[in-house]
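# Structure at a glance
Take a look at the letters that make up each chain.
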Amino acid sequence: MELTGWVKNYEWGKNGIHSAVAQLAMANDPDFVLKDDEPYAEMWMGTHFCGVSIVKETGQTLDRVLKMELPYLFKVLSIKKALSIQVHPNKCEAERLHAERPEIYKDSNHKPEMCIALTPFVALVGFQPIDDIIDNIDEFQPLSKLIGKKAVLELHQKRDTESLKACYEILMRSDDAKIAACLKEIAKNYKKELESNELLSVFNKINADFPGDVGVLSLFFLNLIHLKPGQGIYLGANEIHAYLEGECVECMACSDNVIRAGLTPKYKDVEQLISSVIYEGKPARCKLFMPYRIDDCVEVFAPPVDDFAVIHVAISHTVDTYKLEIQKYGSIMLTLTGMRILKLTTKDGPKEITVSRGSIIYIPVEAAPAIEFLHAEDCGDNFSAYIATYNYFRHA
C-alpha cells in the first residue's frame, strides 16, 4: 500500500522548500500545497491517532485498513529552531500521566526513540560527566552564583548523581528574572569562555530564539553532539535531550508523550521532568548508537526495546537487483534518493511498485520472507531508503 504522510507545522520547523519534510511531502502527495512562509517540522508515518497515515488508493486511514495499531511511529524532522529540553516517560509514568492529565499526555505508552541524521545534526543528549559539569559551573561564574555556594560545594565534594540532581533542580526552579540576568551576563562577559568551549554559536542561536529561557543554561550540563549524516542516537525512557538543528528520520514507540521544561512555547512540566530524568553523566561519545551491518547494502539500527528497529537500505546504481530478507511484521518504507522497482508479495499476490524520493510504502506481513529492489529504467542515482519495523532483530 502506498501511503501519504501526515505533515505537522510546528513553529520550530524549517520554512517552505528549505524543509526536507516539505520536499518529501511534495514528492509524496500531488495535492500538497507548499507555502513559502509556513514551517514544515515533521512528517508522521504510522497509525498514531495524532497523525495517522492515509492509504492513497482508498483514502482510508492505515489503522482502519490494518484493524490494528503498529507498535512504532516513523517520522522525518526538519529543525530550524531548537525543540524543547525534554524527556519521555517510561511505561508506568506514561500510564499515570495519561490517567491524570490526558489533555497533555495523550496516550499511555512509553516513548523510547531513535534519531538518524539526514544532514549535519546538532543535539543535546544526556548529562555530561560530572567533572565536566563542575568545570563549566566554575568557569561561568554567573551560573555558579545562580545555583548557589552550598549546592556547588556539595557537587565539588560528592561528585555523584544526588549532588548533580540538587544543582539541576535549583537551576530549573530558578526565578525567571534571575535566569535572564544570568544569561545576559554570560552573553556579555563570557564570549571567550564560550568560544574556547565551542559553545558560542550554539549559545547565541538558542539564546536569541528563546531569550531568558532556563533551557539555554542546559548547554553547561548536557552533552552537545554533532551528528554526521547516517549517524544515530538512541534515547531511552527518562533520558534528557533536545534537538537543536538539522534534519533526521526518527522512529519511536507509538506515542506522543513528551515532558518539557525549557526551549519551548508549549506547556512546561518542570516538576515532572525533574523527578523523571536520569541524572547520570557520560561522555558524548557514549551517546552515539552504532548500527550493525548485514551486507554492503543494508545496516540495522536495533535498540534495546521490542517496539521498533530501523533498516537502512543503500543500493549502488551499479547493483542490478537486491533481495532484502524480512520477517512477518508490517513495515513502513520511506525512499529518500534514487529509484527502484519494489517487488513484493501481498495478500492479492505478487506486486511491483516503482518507488522514488518521497514514496512511502506499507510492506505487509505477506511480503516475508523477502522483498526485491529491481533496477528502474533511466535512473543512474544510488538508492537510499529507511524501513521502520518491529524489532525482531532482538530475538534473532
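Note that the structure is predicted; figures quoted are calculated from it, not measured.

The next thing to look at is the overall build of the protein. Counting secondary structure elements, the protein contains eleven helices and 25 strands. On C-alpha atoms alone, the protein measures out to a radius of gyration of 22 Å, which is about the 21 Å that the 2.2 N^0.38 rule sets for 396 residues. With the C-alpha coordinates of the protein rotated into their principal frame, the extents come out at 70 × 45 × 40 Å. Taken over 396 residues, the protein has a buried fraction of 56%. Nonlocal contacts in the protein, meaning residues at least 24 apart in sequence, comprise 77% of its contacts between residues at least 6 apart. When the accessible surface of the protein is summed, it comes to about 17,300 Å², and 50% of that surface belongs to carbon and sulfur atoms. Charged side chains of the protein number 43 positive and 56 negative; the gap between the two group centres comes to 4 Å.

Attention shifts here to the sheet that holds strand 23 (residues 360-363). Read across the open sheet, the six strands follow the order 16-17-18-25-20-23; overall the sheet is antiparallel. In this open sheet, the two strands that pair with only one neighbour each are strand 16 (292-293) and strand 23. The sheet contact formed by strand 20 (residues 331-337) and strand 25 (residues 383-389) spans five bridges and is antiparallel. When the sheet's bridge partners are listed, Thr337 is paired in strand 25 with Ser384.

Here we come to the environment of Ile363. Positionally, Ile363 belongs in strand 23. Placed 30 residues apart in sequence, Ile363 and Met333 show a C-alpha to C-alpha distance of 7.2 Å. Residue contacts for Ile363: discarding those within four places in its chain leaves Ile326, Tyr329, Gly330, Ser331, Met333, Leu344, Ile371 and Ile387.

Through backbone hydrogen bonds, the strands of a sheet pair up, either in parallel or in antiparallel fashion. A sheet is described by the order of its strands in space; here four strands give the open sequence 19-24-21-22, paired in antiparallel fashion. Edge positions in the sheet fall to strand 19 (321-325) and strand 22 (349-356), since each of these pairs with one other strand and no more. Taking each pair of neighbouring strands and ignoring which way they run, the sheet shows an average axis angle of 25°. Here four bridges tie strand 21 (residues 339-346) to strand 24 (residues 370-375), and the two strands are oriented antiparallel to one another. Looking at the pairing, Arg340 lines up with His375 of strand 24.

Attention now goes to helix 8 (residues 176-189). An ideal rise of 1.5 Å per residue puts 20 Å on 14 residues; helix 8 measures up with 20 Å between its terminal C-alpha atoms. Among the residues making up helix 8, those that are buried are Ile179, Cys182, Leu183 and Ile186. Along helix 8, the residues classed as buried sweep out an arc of 95° about the axis, all on the same side. For helix 8, exposure combined with an orientation more than 90 degrees from the buried face picks out Ala177, Lys184 and Lys188. Buried residues belonging to helix 8 abut helix 5 (141-147), helix 7 (161-172), helix 9 (191-196) and helix 10 (200-209). Structurally, the start of helix 8 carries an N-cap: the backbone nitrogen of Ala177 is 3.0 Å from a side-chain oxygen of Asp175.

Among the seven residues that make up strand 25, seven are buried, leaving the element largely enclosed by the rest of the structure. Side chains Phe383, Ala385, Ile387 and Thr389 project from strand 25 onto one buried face, and the interleaved Ser384, Tyr386 and Ala388 project onto a second face that is buried too. Examined bridge by bridge, strand 18 (residues 309-315) and strand 25 share seven bridges and lie antiparallel to one another. Pairing of His312 across the sheet is with Tyr386, part of strand 25.

What follows concerns the pattern of salt bridges. Under the definition given, this model contains 17 salt bridges. For Lys14, the salt bridge identified is with Glu247, shortest N-O distance 3.8 Å. Linking Lys14 in strand 3 (residues 14-15) with Glu247 in strand 13 (residues 241-253), this pair joins segments that are 233 residues apart in sequence. When the shortest N-O distance is used, the salt bridge between Arg173 and Glu169 registers 3.3 Å. The exposure class assigned to Arg173 is partly exposed, which follows from its relative accessible area of 45%. Judged by its relative accessible area of 18%, Glu169 is buried.

Quick look at the packing of helix 4 (residues 130-139) against helix 6 (residues 149-158) now. Think of two packed helices as two axes; the pair is described by the angle between the axes and how far apart they sit. Contact geometry for helix 4 and helix 6: axes closest at 10 Å, N-to-C directions at 145°. Helix-helix and strand crossings are classified by hand; for helix 4 and helix 6 the assignment is left-handed. Two secondary-structure elements touch here, helix 4 through Ile130, Ile134, Ile137 and Asp138 and helix 6 through Val152, Leu155 and His156. Considering only residue class, the contact of helix 4 with helix 6 consists of five nonpolar, one polar and one charged.

This paragraph deals with the packing of aromatic side chains. For the structure on display, the rule yields 16 aromatic pairs. Where Phe127 meets Tyr168, the ring centres are 5.2 Å apart and the plane angle is 90°; that geometry is what we call edge-to-face. Of this pair, Phe127 sits in strand 10 (residues 121-127) while Tyr168 sits in helix 7, placing them 41 residues apart in sequence. With a centroid separation of 6.0 Å and 55° between ring planes, the pair formed by Tyr234 and Phe289 is classed as tilted. You can see Tyr234 sitting in strand 12 (residues 232-235) and its partner Phe289 sitting in strand 15 (residues 288-289), a full 55 residues away along the chain. Here Tyr234 and Phe289 have matching classes, each one buried. Over the face of the ring belonging to Trp44 we find Lys8, whose NZ or CZ atom lies 4.4 Å from the ring centre. Between the NZ or CZ atom of Lys266 and the centre of the ring of Tyr10, over which it lies, the distance is 4.2 Å.

Cut-offs used in this document
In this convention, every chain numbers its residues from 1, walking through the sequence in written order. In view of the model being predicted, local features appear only for residues whose pLDDT reaches at least 70, and side-chain atom pairs are presented and counted only at 80 or more, with totals across whole chains, interfaces and linings using the full set of residues. Processing note: side-chain calculations cover all non-hydrogen atoms of the structure and skip hydrogens and water entirely. A run of H or I in DSSP becomes a helix once it reaches four residues, and a run of E becomes a strand once it reaches two; helices and strands are each numbered from the N terminus. Radius of gyration means the value over C-alpha atoms here, while the globule rule gives 2.2 Å times the residue count to the 0.38 power. Only protein chains enter the calculation, and the probe is 1.4 Å; a residue is then buried if its accessible area is under 20% of its type maximum, exposed if over 50%, and partly exposed in between. Here a residue-residue contact requires only that any non-hydrogen atoms of the pair lie within 4.5 Å. Using the Shrake-Rupley algorithm and a 1.4 Å probe, accessible areas are obtained, with residue cover drawn only from the displayed protein chains. Here Asp and Glu are counted as negative and Lys and Arg as positive; His is not counted, and neither are the chain ends. The atom standing in for a charge is NZ when the residue is Lys, CZ when it is Arg, CG when it is Asp and CD when it is Glu. Should DSSP find at least two bridges between two strands, the strands are regarded as paired. Axis definition: a line fitted to C-alpha atoms, over the contacting stretch in the case of helices. Angles run 0 to 180 degrees between N-to-C directions. To estimate how far a helix should reach, multiply one less than its number of residues by 1.5 Å. The directions considered for the arc are those from the helix axis to the C-beta atoms. Polar contact is the term for a pair of N or O atoms within 3.5 Å; when the atoms are in protein, one must be able to donate a hydrogen and the other to accept it, and sequence-neighboring residues count only if both atoms are side-chain atoms. Salt bridges are defined as contacts in which a side-chain nitrogen from Lys or Arg sits within 4 Å of a carboxyl oxygen from Asp or Glu. Handedness of a crossing is defined here by the sense of rotation of the near helix relative to the far one, left-handed for an anticlockwise turn of less than a right angle and right-handed for a clockwise turn. Side-chain classes are defined by residue name, with Ala, Val, Leu, Ile, Met, Phe, Trp, Tyr, Cys and Pro counting as nonpolar, Asp, Glu, Lys and Arg as charged, and the others, Gly among them, as polar. Any two rings among Phe, Tyr and Trp, with Trp reduced to its six-membered ring, count as a pair given centres within 6.5 Å; such a pair is stacked if its planes are under 30 degrees apart, edge-to-face if over 60, and tilted if neither. Placement of a charge over a ring requires the Lys NZ or Arg CZ to be within 6 Å of the ring centre, with the centre-to-atom vector within 35 degrees of the ring normal.

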